[in-house]
Amino acid sequence: MDRADRIAAAWRAERAGTPVESIGVVTRIWQLAKLFGAHRQRVLARLGIDAATLDLLSTLRRDGPPYTLTTREIAERTLVSAGAISQRIARAERDELVVRRPSAAHHRAVEVTLTDRGHELVERVVDDLLTDELELISGLPAAERGQLAGLLKELLVHVSEKVDAPDSQVGSS
């Protein structure tokens, strides 16, 4: 028995009618989120980047050449407020990872472009991070990882429809 099993058993013993079926899923997802989050923080610290900067650089890199998006597009893709995006961009610009300039296409928009330095950093970090995270889930065979990914996607869609909460940026690299 793991922690989730013990919690469910305790509730069944104390309150026979309490619906405990969700504990096996939700408690384990919370535990995994904490473990993955703490591990990712340690890996990113070792790699010399914070999660917010990686999110910004990854968003630009995934868009493909010329690795340029408006601040509004970045905010939409990262599910982060415009104010938070502005702070992230300012830090990354200070570190010469991105440059920003007025958009030629939209007179009020600002475009953000990945610099060579930012491109090199995101290339190095993403490979190291994703290889490390693959090792964490390697206890499941590839077919089961695919099946779990599909089930989690279905669950996420269902829960997102039922819960009125802001989107989260967790794990968006």
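Scroll up for the structure.
In this report, we go over the structure that sits alongside the text. Numbering of residues starts from 1 in each chain and follows the order in which that chain's sequence is written. Local features in this predicted model are restricted to residues of pLDDT 70 or higher, and side-chain atom pairs are both shown and tallied only at a pLDDT of 80 or more, whereas totals for entire chains, interfaces and linings draw on every residue. Excluded from the side-chain calculations are hydrogens and water; all other atoms, namely the structure's heavy atoms, are used.

Focus on helix α6 (residues 116-137)
Note that an α-helix has 3.6 residues per turn; residues three or four places apart therefore point the same way.
Argument step 1. The numbering of helices and of strands both runs from the N terminus, where a helix is a DSSP run of H or I of at least 4 residues and a strand a run of E of at least 2. To estimate how far a helix should reach, multiply one less than its number of residues by 1.5 Å. The terminal C-alpha atoms of α6, which comprises 22 residues, lie 32 Å apart, in line with the 32 Å expected from a rise of 1.5 Å per residue.
Argument step 2. Buried residues are those whose accessible area, probed at 1.4 Å on protein chains only, stays under 20% of the maximum for their type, while exposed residues exceed 50% and partly exposed ones sit between those limits. All of the buried residues along α6 are Gly 118, Leu 121, Val 122, Val 125, Leu 129 and Glu 133. Looking straight down α6, one finds that the buried residues subtend no more than 90 degrees of arc, so they occupy a single side. Summarising the geometry of α6, the exposed residues directed more than 90 degrees from the buried face are Asp 116, Glu 120, Asp 127, Thr 131 and Glu 135.
Argument step 3. Whether two residues are in contact is decided by their heavy atoms: any pair within 4.5 Å suffices. Each element contacted by the buried residues of α6 is listed here: α2 (23-47), α3 (51-62) and β3 (110-114). This arc describes the spread of directions from the helix axis toward the C-beta atoms.

Topic: the nonpolar core
Argument step 1. What makes a nonpolar core is a set of buried Ala, Val, Leu, Ile, Met, Phe, Trp, Tyr and Cys residues whose side-chain atoms join them at distances within 4.5 Å. Ranked by size, the top nonpolar core spans 24 residues in total, and within it Leu 57, Leu 60, Ile 74 and Val 98 carry the most contacts.
Argument step 2. For this core, the elements supplying multiple residues, two or more each, are α2, α3, α4 (71-78), α5 (82-94), β3 and α6.
Argument step 3. Excluding residues within four positions of it along the chain, Leu 60 makes contact with Tyr 67, Thr 68, Leu 69, Ile 74, Val 98, Val 112, Thr 113 and Leu 114.

Quick word on a nonpolar patch on the surface
Argument step 1. Like-charged residues within 9 Å of one another, or nonpolar side chains (Val, Leu, Ile, Met, Phe, Trp, Tyr) within 5 Å, are grouped into patches, provided each residue has over 30% relative accessible area and no salt bridge. To be clear on the numbers: accessible area is Shrake-Rupley with a 1.4 Å probe, and residue cover counts the displayed protein chains and nothing else. Salt bridge criterion: a side-chain nitrogen from Lys or Arg within 4 Å of a carboxyl oxygen from Asp or Glu. Side chains of Val 25, Val 26, Ile 29, Trp 30, Leu 140, Leu 148, Leu 152, Leu 155, Val 159 and Val 163 sit close together on the surface and give an oily, nonpolar patch of about 800 Å² of accessible area.
Argument step 2. Where the nonpolar patch is concerned, the elements lending two or more residues are α2 and α7 (142-162).
Argument step 3. Mapping Leu 140 onto the fold places it in the loop between α6 and α7.

Considerations on the pairing of β3
Regular strands show a simple pattern: their side chains alternate between the two faces of the sheet.
Argument step 1. As paired strands, strand β1 (residues 68-70) and β3 are joined by 3 bridges and run antiparallel to one another. Along β3, the bridge assignment pairs Leu 69 with Val 112.
Argument step 2. Strand pairing is assigned whenever DSSP identifies at least 2 bridges connecting the two strands. Bridge count between strand β2 (residues 98-102) and β3: 5 bridges; the pairing is antiparallel. Directly across from Arg 100, in β3, lies its bridge partner Val 112.

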